[in-house]
Amino acid sequence: MDFGPRALIDLSAVRHNLERVRQAAPASRVMAVIKANGYGHGLVRIAAALGGADALAVARVPEAIVLRRAGFAGTLVVLEGCFESGELRAAAEHHLTLVIHSEEQLRLLGAERLARPVACWLKVDTGMHRIGFRWDRAANAYRTLCELPSVKASPGLMSHLASADDLADDLTREQTRRLHAVAGEAGAEALSIANSAGILCWPETRRDWVRPGLMIYGISPMLGGRGSDWDLRPAMTLMSRLIAVTRLKAGDRIGYGGIWTCPEDMPVGVVAIGYGDGYPRHAGSGTPVLVGRRRAPIVGRVSMDMISVDLRGCPGAGVGDPVVLWGEGLPVEEIAEHAGTISYELVCGVTSRVDILESDAATVLQEARA
Ligand SMILES: *Cc1c(COP(=O)(O)O)cnc(C)c1O
């Protein structure tokens, strides 16, 4: 038996979640977002599971080149585009599709004589104020882009939503109105604005292309939401095992700083997982884990390699028992709330020390618990 932590990746869940995107946005093409190592799930394996998507998107050119070298031949969009001519030539050679978001990138494209034109999207800043051409100047930039000999005909217009996770924030409607206005003025055909939250909750953002990220991995992007609200299935289950079980006495203080004191004589388990594996150090006492099928709360601070859990609700728990930190049976959204962060950060943050294995988590856990 292997006692170390592992992330089990369920590719049937990924395919199921892509199907849920299709159902939610039946008239749109799907550009599935797999930046940051497929949100921590493994870039190449997630790309292979997403054969049913119309395009894949990554943040940077090197991520896209990894996929080309692995044999992925479909449409690959680079959301941050290129920054110097060597990178631009490599992008063209690998048939990448570039998102153009700045004057510098327009100049770079204008200065380069590419053997074959590259497909592009123009990024419009409709209110997030991160990258993109501000909406009141974007139509001009679009016309400039269209005239460059290095650019393939009919670029699309893309914008990104800043607050779509919050149904009470009207910025999403305003951003959508602004993108439509630019499209009208510029005469662009293909529009893309929806991220996962747009796909699930904002029908007016489901345009020619949608760009699901988090949803593909079975996680809800909505404030206070859970993937199961939308019939999504978690793609990642982070698990480990109990490596010690001790009976402590009333008054014993647990872990670094001794911040948690046993209120009575009680069994406490130690799980082989910690912030060195990507488990959030800010997950406080009370954050749940699953020991077998039962919930047990963390007690005391998260260490680099271990956490302690209160086993009073888990009679019979012993060394070697499987422990789920998030995923199957325990939503990562809930752990993120306990740790004061977002699910995105947790799944992206699993460290290279953790083995990532393709498997059907439900079956693996059943066997581990048997
Ligand atoms: C990351 C990203 C997405 C996906 O967002 P989710 O909230 O994970 O669905 C879409 N578009 C752009 C430009 C992104 O950077």
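Structure: see above.
Below is a short write-up of the structure. No experiment lies behind these values; they were computed from the predicted model shown.

Examining the overall build of the protein
Then, number 1: Counting its secondary structure elements, the protein contains twelve helices and 19 strands.
Then, number 2: For the protein, the C-alpha radius of gyration of 23 Å lies close to 21 Å, the compact-globule estimate for 370 residues.
Then, number 3: Each principal axis of the C-alpha distribution contributes one length, and for the protein these read about 75 × 45 × 40 Å.
Then, number 4: Out of the 370 residues in the protein, the part that is buried amounts to 54%.
Then, number 5: Counting only carbon and sulfur atoms, one obtains 50% of the accessible surface of the protein, whose full area is about 15,700 Å².

Here we look at the packing of helix α7 (residues 138–147) against helix α8 (residues 171–186)
Then, number 1: Packing of α7 against α8 brings their axes to within 9 Å, and their N-to-C directions diverge by 45°. Between α7 and α8, the crossing angle belongs to the class labelled oblique. Once α7 is placed against α8, the crossing between them reads as right-handed. Counting all contacts with α7, which are made through Ala-138, Ala-139, Tyr-142 and Arg-143, the residues of α8 involved are Val-182, Glu-185 and Ala-186.
Then, number 2: Residue composition of the contact of α7 with α8, grouped by class: five nonpolar, no polar and two charged.

Quick word on the pattern of salt bridges
When the charged atoms of two side chains lie near each other, side chains of opposite charge can form a pair.
Then, number 1: Going through the model one piece at a time under the given rule, you end up with 20 salt bridges.
Then, number 2: Across the salt bridge formed by Asp-208 and Arg-207, the nearest N and O atoms sit 3.9 Å from each other.
Then, number 3: Arg-207 gets classed as partly exposed once you look at its relative accessible area, which sits at 27%.
Then, number 4: The salt bridge involving Glu-337 is made with Arg-226; its shortest N-O contact spans 3.0 Å. Here Arg-226 lies in the loop between β10 (209–210) and β11 (236–248) and Glu-337 lies in helix α10 (residues 332–339), a separation of 111 residues in the sequence.

Quick look at the layout of surface pockets
Then, number 1: Size it by volume and the largest pocket reaches roughly 960 Å³.
Then, number 2: Around the largest pocket sit 40 residues that line it, and Lys-35, Tyr-39, His-160, Asn-195 and Tyr-344 are the ones nearest its centre.
Then, number 3: Broken down by secondary-structure element, the contributors of at least two residues to the lining of the largest pocket are α2 (35–39), α9 (196–201), α10 and α11 (343–348).
Then, number 4: Its residues assigned to classes, the lining of the largest pocket comprises 20 nonpolar, ten polar and ten charged.
Then, number 5: Counting residues domain by domain, the lining of the largest pocket receives three or more from each of domain 1 (11–219) and domain 2 (236–368).
Then, number 6: Estimates place the volume of the second largest pocket at around 470 Å³.

A word on the state of the cysteines
Then, number 1: In the structure shown here, the tally under the stated rule is zero disulfides.
Then, number 2: This cysteine, Cys-120, is not joined by any disulfide, and Cys-82 carries the nearest cysteine sulfur, 9.0 Å off.
Then, number 3: Here Cys-146 is not disulfide-linked; the sulfur of Cys-120 is the nearest cysteine sulfur, at 9.5 Å.

The rules behind the values
Residues numbered from 1 in each chain as written. Predicted model: local features only at pLDDT ≥ 70, side-chain atom pairs only at ≥ 80, totals over all residues. Heavy atoms only, no water. Helix = DSSP H or I, 4+ residues; strand = E, 2+ residues; numbered from the N terminus. Rg over C-alpha atoms; globule rule 2.2 N^0.38 Å. Buried < 20%, exposed > 50% of the residue type's maximum accessible area, 1.4 Å probe, protein only. Areas by Shrake-Rupley, 256 points an atom, 1.4 Å probe, with all protein chains shown as cover. Axes fitted to C-alpha atoms, helices over the stretch in contact; angles between N-to-C directions. Parallel < 35°, antiparallel > 145°, perpendicular 65-115°, else oblique. Left-handed = near helix turned anticlockwise from the far one by under 90°. Contact = heavy atoms within 4.5 Å. Nonpolar A, V, L, I, M, F, W, Y, C, P; charged D, E, K, R; others polar. Salt bridge = Lys/Arg side-chain N within 4 Å of Asp/Glu carboxyl O. 1 Å grid on protein atoms, 1.4 Å probe; cavity = no way out; pocket = protein on both sides within 12 Å on 5 of 7 lines; lining within 4 Å. Points joined across faces, edges and corners; volume = space filled by probe spheres on them. Domains from an automatic or database assignment. Disulfide = S-S within 2.5 Å.

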